[in-house]
Amino acid sequence: MTIRLLKTMAFLAILAALAIGTAAPVTARDGASKHVTRRMALMTSQKAAMDVLAGMMAGRTYFDRDKARTARRQLIRSTGTIRKHFKKPQLDPRSHARPLIWHAWKDFKARADTAETAARNLSTRSLPALRRTLPSLMQSCLSCHEAYRNTPNSFTTH
Ligand code: HEC
């Protein structure tokens, strides 16, 4: 391979990278949107509460009714504010939210409601009760992400 060809290939790779950059949804003028920061923080805290419950469900940690109850309360509260957190159609370079959210707002809201209902229906009375009720909440997280969140790097595959 000649140096010239390598240079051309490098140039094309840079061009491709730039094209991906401009195709990404970017609307915040100064780079970071406080709405995006807040909704990411909300999601991260939900994940932490889910991890507590999932750990118990999988037997990685002992079932602890008080901790489970606290996690359930957190999840009810946070899933109940998903709508509010996504109301403003804001994106920034860190965000993996699909713009589709604001074109399909009714469906997005319905999925947030489904997650809230599933959080309320969690039973933390006993380990078997948790095992029975946690999967539908997990499913509601995953199905919303499938529809409205780009997984990091998904733009390289399609
Ligand atoms: C109604 C839709 C919806 C539901 C329900 C939902 N999420 Fe999300 N979640 C999103 C969207 C959209 C994003 C991407 C936000 C962004 O990048 O701007 C996201 C992002 C995340 C992130 C990544 C945050 C980051 O810093 O990039 C985590 C973690 C997460 N969600 C966890 C959860 C968990 C756990 C649940 C269930 C308890 C859940 N989500 C339920 C829509 C949802």
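Refer to the preceding data block for the structure.
Below is a short write-up of the structure. (Residues numbered from 1 in each chain as written. Predicted model: local features only at pLDDT ≥ 70, side-chain atom pairs only at ≥ 80, totals over all residues. Heavy atoms only, no water.)

**Remarks on the overall build of the protein chain**
Each helix and strand in the protein chain was counted, giving 6 helices and 0 strands. Mapped in sequence order, the helices and strands of the protein chain form the string α-α-α-α-α-α. Going through the 158 residues of the protein chain one by one, you find that 30% of them count as buried. For the protein chain, the share of sequence-separated contacts (at least 6 apart) that also reach a separation of at least 24 residues comes to 74%. (Helix = DSSP H or I, 4+ residues; strand = E, 2+ residues; numbered from the N terminus. Buried < 20%, exposed > 50% of the residue type's maximum accessible area, 1.4 Å probe, protein only. Contact = heavy atoms within 4.5 Å.)

**A word on the packing of aromatic side chains**
One pass over the structure, following the stated rule, counts 3 aromatic pairs. Centroid distance Phe 108 to Tyr 148: 5.3 Å. Interplanar angle 80°. Geometry classified as edge-to-face. With Phe 108 in helix 5 (residues 105-120) and Tyr 148 in helix 6 (residues 127-148), this residue pair connects regions lying 40 residues apart in the sequence. Among the aromatic side chains, those forming a connected cluster through ring pairs are Phe 86, Trp 105, Phe 108 and Tyr 148. (Phe/Tyr/Trp six-rings, centres within 6.5 Å; stacked < 30°, edge-to-face > 60°.)

**Considering the coordination of the iron atom of the ligand**
Around a metal, the perfect tetrahedron of four donors has angles of 109.5 degrees, and the perfect octahedron of six donors has angles of 90 or 180 degrees. All of the protein donors around the iron atom of the ligand are Met 43 (SD) and His 145 (NE2); their distances to the metal are 2.0 to 2.3 Å. Seen from the iron atom of the ligand, its 6 donor atoms lie at angles of 87 to 178°, and the figure they make is octahedral. Of this pair, Met 43 sits in helix 2 (residues 34-58) while His 145 sits in helix 6; the two residues are 102 residues apart in sequence, bridging distant segments of the chain. On the basis of relative accessibility, which here comes to 25%, the residue Met 43 falls in the partly exposed class. For His 145, a relative accessible area of 28% gives the class partly exposed. (Donors = N, O, S within 2.8 Å, 3.2 Å for Na, K, Ca; no water. Tetrahedral: all angles 85-135°; square planar, octahedral: opposite > 155°, others 65-115°.)

**Side note on the packing of helix 3 (residues 65-79) against helix 5**
Two elements in contact, helix 3 and helix 5, have axes whose closest approach is 8 Å; the angle formed by their N-to-C orientations is 160°. For the element pair helix 3 / helix 5, the angle class is roughly antiparallel. Considering only the axes of helix 3 and helix 5, their crossing is left-handed. Counting all contacts with helix 3, which are made through Arg 72, Leu 75, Ile 76 and Thr 79, the residues of helix 5 involved are Ala 112, Ala 115, Glu 116, Ala 119 and Arg 120. Across the contact of helix 3 with helix 5, the residue classes break down as 5 nonpolar, 1 polar and 3 charged. (Axes fitted to C-alpha atoms, helices over the stretch in contact; angles between N-to-C directions. Parallel < 35°, antiparallel > 145°, perpendicular 65-115°, else oblique. Left-handed = near helix turned anticlockwise from the far one by under 90°. Nonpolar A, V, L, I, M, F, W, Y, C, P; charged D, E, K, R; others polar.)

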